[in-house]
Amino acid sequence: MPHWGAFGLLQAARAALPEEIIVPPSLEHSGIHFLCENLQVTGSYKVRAVCHWLGQRRAEEPPVALASSGNFAVALAWAGRRFGLDVTAVMMERSHPWKVERVRQLGGKILVCGNSTEERTRTLESLQMQGYEILEHLNDPRELVGHATLGLDLAVQRPRRVL
């Protein structure tokens with residue numbers, strides 16, 4: 001197991017999440033249990049990962065950007081406001097208008113790019129050259145630790161059946 005998956009690290013990460021990140025209820029249907037992450041403050045589990053990452057930053061560090069057309073962008077904007085940090089979401093033109101508006105309402109900056117992965121990557125690279133730190137939300141261990149806090153909350157709901 002990689003060091004970032006250590007149980008103690010996951011417990012510390014869960015304890016450090018803002019109080020708004022709840023232990024959501026678990027619902028059972030046909031013997032399957034669902035953890036209702038849709039009840040999180042941003043409507044998805046992605047706020048866990050972004051809060052874990054941004055919660056370790058200081059305001060004087062470079063601004064942060066990530067590429068997302070939806071839930072990660074909303075989570076970034078919420079967490080940026082929560083921690084008082086400058087955040088930017090790179091969103092494709094085809095992003096759902098509701099998600100774009102939600103990011104704006106939460107105070108996140110938006111850079112709209114074309115609808116290809118290549119265009120999005122070029123936009124992120126441009127921001128990086130301007131001094132932004134890019135949040136690689138698909139493979140950064142800090143993000144994975146934040147996501148893994150969901151497993152701890154699931155264990156609270158379903159003790160002895162998860163761990």
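Everything below is about the structure shown above.
Residues numbered from 1 in each chain as written. Predicted model: local features only at pLDDT ≥ 70, side-chain atom pairs only at ≥ 80, totals over all residues. Heavy atoms only, no water.

## A short note on the overall build of the protein
In terms of helices and strands, the protein carries six helices and six strands. Against the 2.2 N^0.38 benchmark of 15 Å for 163 residues, the protein shows a C-alpha radius of gyration of 16 Å, consistent with a compact globule. In terms of principal-axis extent, the alpha carbons of the protein reach across some 50 × 35 × 25 Å. Looking at the protein as a whole, 44% of its 163 residues qualify as buried. When contacts within the protein are restricted to residue pairs at least 6 apart in sequence, those whose partners lie at least 24 apart make up 58%. With an accessible surface of roughly 8900 Å², the protein has 53% of that area assigned to carbon and sulfur atoms. Distance from the positive charge centre (18 side chains) to the negative charge centre (17 side chains) of the protein: 5 Å. (Helix = DSSP H or I, 4+ residues; strand = E, 2+ residues; numbered from the N terminus. Rg over C-alpha atoms; globule rule 2.2 N^0.38 Å. Buried < 20%, exposed > 50% of the residue type's maximum accessible area, 1.4 Å probe, protein only. Contact = heavy atoms within 4.5 Å. Areas by Shrake-Rupley, 256 points an atom, 1.4 Å probe, with all protein chains shown as cover. Lys, Arg positive; Asp, Glu negative; His and termini not counted. Charge placed at Lys NZ, Arg CZ, Asp CG, Glu CD.)

## A few points about the layout of surface pockets
There is about 260 Å³ of room inside the largest pocket. Lining of the largest pocket is provided by 14 residues; of these, Ala67, Leu124, Ile134, Leu135 and Glu136 occupy positions nearest its centre. Elements supplying a minimum of two residues to the lining of the largest pocket: strand E3 (64-67) and helix H5 (117-129). When residues in the lining of the largest pocket are grouped by element, the largest group, six residues, is from H5. (1 Å grid on protein atoms, 1.4 Å probe; cavity = no way out; pocket = protein on both sides within 12 Å on 5 of 7 lines; lining within 4 Å. Points joined across faces, edges and corners; volume = space filled by probe spheres on them.)

## A word on the packing of aromatic side chains
Describing an aromatic ring pair means giving the distance of the ring centres and the angle of the ring planes. For the structure shown, the criterion picks out zero aromatic pairs. The ring of Trp53 carries the charged tip of Arg57 above its face, separated from the ring centre by 5.2 Å. The ring centre of Phe83 lies 5.8 Å from the NZ or CZ of Arg82, which sits over that ring. (Phe/Tyr/Trp six-rings, centres within 6.5 Å; stacked < 30°, edge-to-face > 60°. Lys NZ or Arg CZ within 6 Å of the ring centre and 35° of its normal.)

## Some points on the side chain of Gln40
Positionally, Gln40 belongs in the loop between strand E2 (32-35) and helix H2 (46-54). On the basis of relative accessible area, Gln40 is assigned to the buried category, the value being 3%. Reaching out from Gln40, the side chain makes a polar contact with the backbone oxygen of Ile22 at a distance of 2.9 Å. (Polar contact = N/O pair within 3.5 Å; in protein donor to acceptor, adjacent residues only side chain to side chain.)

## Focus: the sheet that holds strand E4 (residues 87-92)
Overall, parallel pairing links the four strands, which are arranged E5-E4-E3-E6 in an open sheet. Among the strands making up the open sheet, the edge pair consists of strand E5 (109-113) and strand E6 (133-134). (Pairing = 2+ DSSP bridges.)

## Digging into the packing of H2 against helix H3 (residues 71-83)
Close contact between H2 and H3 brings their axes to 9 Å; oriented N to C, the two are set at 40°. The angle between H2 and H3 places the two elements in the oblique class. Here H2 and H3 pass one another in a crossing that is right-handed. Counted together, Lys46, Val47, Ala49, Val50, Cys51 and Leu54 of H2 and Asn71, Phe72, Ala75, Leu76, Trp78, Ala79, Gly80 and Phe83 of H3 form the full contact between these two elements. Counted by class, the contact of H2 with H3 contains 11 nonpolar, two polar and one charged residues. (Axes fitted to C-alpha atoms, helices over the stretch in contact; angles between N-to-C directions. Parallel < 35°, antiparallel > 145°, perpendicular 65-115°, else oblique. Left-handed = near helix turned anticlockwise from the far one by under 90°. Nonpolar A, V, L, I, M, F, W, Y, C, P; charged D, E, K, R; others polar.)

Functional significance is not addressed by these values, which are geometric in nature.
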